[in-house]
Protein chains: 2
Amino acid sequence: MALRSSPASAFPRLIRPTASQSQSSSSASGLRHYSAPLAGTVPPAKQKYVPTSGTYPKGFLVSGTYVGVKPANKSTPDLAFLASETPCAAAAVFTKNKFQAAPVTVSREMLKRRNNSGIRSVIVNSGCANAVTGKGGMEDAEKMGMQADKCFDAPNDGKGGSTIVMSTGVIGQRLPIQKILNKIPAAYDALGASHNHWLDAARAICTTDTFPKLISRTFSLPSSPSIEYRMAGMTKGAGMIHPNMATLLGMIATDAPVAPALLQSLLTNAVNKSFNSISIDGDTSTNDTVAVLANGAAGGNEITSESSEDYAAFQNTLTELATDLAKLVVRDGEGATKFVTIRVTESPSELVARKIASTIARSPLVKTALYGKDANWGRILCATGYSLISEPGLPINNVPEILPEKTSVSFIPTDGSPELKLLVNGEPETVDEVRAAQILEHEDLEILVRLGGGTEEAVYWTCDYSHEYITINGDYRT
Amino acid sequence: MALRSSPASAFPRLIRPTASQSQSSSSASGLRHYSAPLAGTVPPAKQKYVPTSGTYPKGFLVSGTYVGVKPANKSTPDLAFLASETPCAAAAVFTKNKFQAAPVTVSREMLKRRNNSGIRSVIVNSGCANAVTGKGGMEDAEKMGMQADKCFDAPNDGKGGSTIVMSTGVIGQRLPIQKILNKIPAAYDALGASHNHWLDAARAICTTDTFPKLISRTFSLPSSPSIEYRMAGMTKGAGMIHPNMATLLGMIATDAPVAPALLQSLLTNAVNKSFNSISIDGDTSTNDTVAVLANGAAGGNEITSESSEDYAAFQNTLTELATDLAKLVVRDGEGATKFVTIRVTESPSELVARKIASTIARSPLVKTALYGKDANWGRILCATGYSLISEPGLPINNVPEILPEKTSVSFIPTDGSPELKLLVNGEPETVDEVRAAQILEHEDLEILVRLGGGTEEAVYWTCDYSHEYITINGDYRT
């Protein structure tokens with residue numbers, strides 16, 4: 001299918017361009033925002049995570065536009081628009097929370113109706129989650145999608161809209177929908193393919209994030225070695241982060257050609273090892289959505305078989321990019337001062353390893369000890385010990401998967417120095433507290449738990465609990 | 001069985017009395033201790049929870065003695081001794097944590113060996129949990145029990161020890177066992193039945209608690225209306241508090257006569273509705289033990305049938321006392337500024353209601369919002385929405401037990417004013433924020449979640465997350 005070069009030719013204008021929105025920031029440097037942080041306000045320690053250039057997939061155009069969804073937000077972009085010059089294959093993974101936000105329901109139904117094909121764009125607002133907003137909220141989410149659809153040649157396939165809708169922010173408040181609808185044409189006019197366009201969009205989806213999260217890369221597929229494919233993704237955290245999934249939004253776009261029927265399994269596999277393997281605070285939100293769009297603009301052979309080499313190569317690239325995005329969310333965990341990898345090995349099953357890693361990752365006592373740089377490994381073992389027990393009222397589960405006398409715990413320093421053994425086969429080591437303190441001084445740390453009962457393993461990424469976490473979440477709505 | 005009047009006659013001395021231990025405090029008023037708080041240091045706001053008198057069960061003698069289990073502890077009692085003048089029926093509920101502390105294993109085996117009868121005492125140290133201490137830790141716990149046993153006429157029934165052993169404090173460190181053994185005779189010499197003796201013992205089991213937790217009451221049994229029975233209990237928190245159960249120790253003593261075979265089910269029922277219905281931080285420790293001892297010293301008819309009126313009456317008294325003790329643990333939750341009752345009603349099952357209440361109770365976002373006095377009910381609903389979902393890697397659970405369009409959330413003020421409806425049948429109410437702020441100003445609050453899908457309910461008690469929680473747990477071991 002033919003590529004078009006400019007948004008003007010790609011998308012017949014519906015309205016006159018609006019005045020471009022102010023980009024000036026009124027917020028103090030380094031402070032957390034409840035809408036997107038601007039370039040000048042990224043904390044110095046986090047600036048290294050913000051790319052200064054990128055390689056972006058062909059045929060995709062993006063923008064970040066100011067709406068003012070939150071009355072307190074006077075200038076920062078809070079509406080992101082991602083559009084493909086041609087219809088895409090698309091798939092998404094949504095939260096399992098029983099209270100699904102309106103945009104989750106609307107987007108899920110749209111993808112189902114379209115069998116994951118013919119998708120043109122993604123429209124995202126920050127500042128309000130449009131969750132638990134009743135029937136009115138459903139109508140708002142539908143209007144957002146329809147307004148974005150109007151920017152394109154309306155498809156006559158009778159399958160309705162072709163836009164994925166996402167919202168993030170406070171739960172239980174209605175969207176200022178008219179303000180958003182009025183700005184979507186401006187968001188369309190602002191579309192572009194430059195690095196700054198991608199960065200603006202990444203900023204616009206942020207809430208309490210301190211920096212925009214954007215990653216891009218090139219890759220190739222075995223059957224078309226001469227073609228340089230591209231993949232780019234953006235995501236946001238930074239609280240309510242826990243598998244299935246969190247107030248976490250993600251958009252990944254690629255110009256590789258993938259059969260719509262395969263894209264969902266590719267994304268689900270990638271998310272399980274990335275966004276579903278991180279935890280900030282154990283809360284699982286109402287809005288989580290990670291979407292992938294593939295427009296095939298780079299040409300080459302479409303991936304049509306799960307058993308093909310191309311499928312495996314694409315899966316690896318997608319999983320890697322999703323993992324790098326997920327790690328950025330942990331890096332920016334609310335109040336986080338530490339980035340902690342939790343690896344559980346020698347497990348009878350991957351599921352057991354994952355459950356244990358997840359339990360350690362969400363233990364407030366482990367997370368506060370990490371914040372305090374306290375080698376309180378007893379808390380790690382304690383969390384391991386209750387990770388598989390039954391709830392009160394249910395029969396006692398004897399947890400044969402954990403054998404105390406075979407369990408070992410170590411700190412793996414990130415400076416390449418040898419592991420510090422804390423517990424070996426259930427017997428505590430005499431810990432060199434000075435060495436432990438040195439290891440805990442680093443921002444990064446790996447906690448290794450060996451179960452001694454198998455060959456499976458799982459990895460989780462988490463952060464610590466700091467005073468700032470309490471401050472941020474004690475006054476989120478104010 | 002004949003009662004004896006004084007410890008001297010009841011317990012042949014094995015050694016000379018030691019000099020009585022110092023009771024002076026070196027700690028600043030209101031600060032958290034890592035061993036027992038002394039009278040002068042209870043925060044003013046908590047003093048109302050410390051009784052100035054009590055009615056204690058006949059035939060029980062207690063003491064609180066200074067050992068210095070933690071080197072930093074120079075004067076505060078950290079060894080509690082509870083003894084009965086005559087052998088007791090006894091039962092205990094222990095943590096489900098797979099890494100059971102040595103005293104948990106030793107006490108469980110002792111009660112099993114004795115079929116819950118012939119128990120003489122409970123010995124407890126604070127300052128070190130004797131958990132994950134390997135074979136040496138097991139020997140230490142056994143020695144503690146044997147040293148306490150030496151205070152009594154050694155039973156010749158070939159069933160070994162008759163003392164329940166408990167420890168609480170840091171995990172993964174060995175006990176200074178010789179210091180403890182040397183002090184047990186002094187703890188024996190210090191035994192007494194006065195209110196101050198009970199208060200000293202309650203102080204001695206504390207760790208980060210800011211006040212000793214002691215409750216006593218009188219009750220009667222239908223078959224012996226003329227007899228005044230007595231029950232007294234003490235407990236300690238204050239972190240790692242979550243069902244099954246937490247670094248939580250409890251001792252309950254009564255002079256009512258209960259058949260040993262019935263005491264375990266009576267205690268298990270009581271604990272499920274009390275200590276297993278509170279959450280401070282969702283962590284479940286290695287040491288949790290709640291024990292009940294019944295010596296029958298008040299006479300009357302022994303409770304021998306689960307279908308008797310006496311059984312029901314005793315169950316009510318035991319459950320009430322355990323619930324009041326559990327609530328004191330929440331009142332003293334680390335850094336807690338709020339006492340929050342979470343009631344989930346109109347549930348298809350008690351288990352579902354309990355799981356939802358438990359999930360809300362441990363949500364960091366709910367707990368930080370409560371600390372911030374923020375009526376962020378969306379977080380309550382969000383926690384409800386993910387309370388029953390499946391773990392990553394497991395099949396998606398559709399959670400038919402929760403019907404968003406039938407779910408309602410309200411704040412129930414503790415000042416008797418009408419409930420504040422936040423969500424009604426899935427539709428958000430226009431919340432009077434001023435009224436909400438007034439309600440959140442109170443220390444006590446009830447969150448009511450109506451599922452609209454049944455008649456079962458469950459209640460949970462929890463507290464908020466404050467900056468102090470982070471401070472306390474960031475440097476626990478220092």
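Residues numbered from 1 in each chain as written. Chains lettered and ligands numbered in written order. Predicted model: local features only at pLDDT ≥ 70, side-chain atom pairs only at ≥ 80, totals over all residues. Heavy atoms only, no water.

**Points about the packing of helix α3 (residues 134-149) of chain A against helix α4 (residues 177-189) of chain A**
Residue and element names in this part refer to chain A.
Here's step 1: Relative to each other, α3 and α4 sit at 10°, their axes nearing to 9 Å. In terms of their interaxial angle, α3 and α4 are classed as roughly parallel. Taking contact as the criterion, the partners of D140, K143, M144, Q147 and A148 in α3 are, on α4, I177, I180, L181, I184 and P185.
Here's step 2: For the contact of α3 with α4, a count of residues per class yields seven nonpolar, one polar and two charged. (Axes fitted to C-alpha atoms, helices over the stretch in contact; angles between N-to-C directions. Helix = DSSP H or I, 4+ residues; strand = E, 2+ residues; numbered from the N terminus. Parallel < 35°, antiparallel > 145°, perpendicular 65-115°, else oblique. Contact = heavy atoms within 4.5 Å. Nonpolar A, V, L, I, M, F, W, Y, C, P; charged D, E, K, R; others polar.)

**As for the confidence of the model for chain A**
Residues and elements named next belong to chain A.
Here's step 1: Looking at chain A as a whole, its pLDDT mean stands at 84, while 84% of the residues score no less than 70.
Here's step 2: The least confident element of chain A, judged by mean pLDDT, is helix α1 (residues 7-10) at 43; the most confident is strand β1 (residues 60-65) at 98.
Here's step 3: Note on residues 1-36: pLDDT under 50 across the span, and 92 contacts to partners over four residues away in sequence or across chains.
Here's step 4: Low pLDDT, under 50, characterises residues 240-246; the stretch is placed with 58 contacts to residues that sit more than four places away or in other chains.
Here's step 5: In the predicted complex, the global pTM is 0.78; the interface-specific ipTM is 0.72. (pLDDT = per-residue confidence, 0-100.)

**A short note on the packing of aromatic side chains**
All names here are of chain A.
Here's step 1: In this structure the tally under the stated criterion is ten aromatic pairs over all chains.
Here's step 2: Measuring from centroid to centroid gives 4.9 Å for Y56 and W198, while their planes differ by 10°, and the two rings are stacked. In this pair, Y56 sits in the loop between α1 and β1 while W198 sits in helix α5 (residues 195-204), placing the two residues 142 residues apart along the sequence. In this structure, Y56 and W198 share a single accessibility class: buried.
Here's step 3: Aromatic rings pair up to connect F219, Y229 and F314 into one cluster. (Phe/Tyr/Trp six-rings, centres within 6.5 Å; stacked < 30°, edge-to-face > 60°. Buried < 20%, exposed > 50% of the residue type's maximum accessible area, 1.4 Å probe, protein only.)

**Re the pattern of salt bridges**
Residues and elements named next belong to chain B.
Here's step 1: Inspection of the entire model under this criterion finds 31 salt bridges over all chains.
Here's step 2: For the salt bridge of D200 with R203, the shortest nitrogen-to-oxygen distance reads 3.1 Å. Taken together, the residues D200 and R203, both in helix α5 (residues 195-204) and three residues apart, mark about one turn of the helix. The exposure classification of D200 matches that of R203, with both residues buried.
Here's step 3: Across the pair K213 and D332 runs a salt bridge, and its minimum N-O distance is 2.6 Å. (Salt bridge = Lys/Arg side-chain N within 4 Å of Asp/Glu carboxyl O.)

**Concerning the pairing of strand β7 (residues 249-254) of chain A**
In summary, the side chains of a regular strand alternate between the two faces of the sheet.
Residue and element names in this part refer to chain A.
Here's step 1: Burial analysis of β7 places six of its six residues in the buried class, which makes it a mostly covered element.
Here's step 2: Covered by surrounding structure in β7 are L249, M251 and A253 together with G250, I252 and T254, the residues of both alternating faces.
Here's step 3: Where strand β6 (residues 229-236) and β7 come together, six bridges link them in antiparallel fashion. Within the sheet, the bridge partner assigned to G233 lies in β7 and is I252. (Pairing = 2+ DSSP bridges.)

**Some thoughts on helix α6 (residues 260-272) of chain A**
Residues and elements named next belong to chain A.
Here's step 1: Among the residues making up α6, those that are buried are L262, L263, L266, L267, A270 and V271. End-on view of α6: buried residues confined to an arc of 160°, all on one side of the axis.
Here's step 2: Residues of α6 that are buried make contact with β2 (79-94), β9 (289-294) and α7 (309-331). (Arc of directions from axis to C-beta.)

**Some thoughts on helix α10 (residues 377-386) of chain B**
A turn of α-helix holds 3.6 residues, and therefore any two residues three or four places apart point the same way.
Here's step 1: Along α10 of chain B, ten of the ten residues are buried, which leaves the element largely enclosed by surrounding structure.
Here's step 2: For α10 of chain B, the set of buried residues is W377, G378, R379, I380, L381, C382, A383, T384, G385 and Y386 of chain B.

**A short note on the pairing of strand β11 (residues 408-412) of chain B**
All names here are of chain B.
Here's step 1: Counting buried positions along β11 yields five of five residues, so the element is predominantly enclosed.
Here's step 2: What you see with β11 is no split at all: S408, S410 and I412 on one side and V409 and F411 on the other are buried throughout.
Here's step 3: In the sheet, β11 pairs with strand β14 (residues 444-450) via five bridges, with the strands oriented antiparallel. The residue of β14 that forms the bridge with I412 is E446.

**Thoughts on unusual backbone geometry**
Here's step 1: In the Ramachandran plot, N130 of chain A falls in the positive-phi region, its phi being about 45° despite a non-glycine side chain.
Here's step 2: Structurally, the position occupied by N130 of chain A is in the loop between β3 (117-128) and α3.
Here's step 3: One non-glycine residue, E346 of chain B, adopts positive backbone phi at about 55°.
Here's step 4: Within the secondary structure layout, E346 of chain B lies in strand β10 (residues 339-347).

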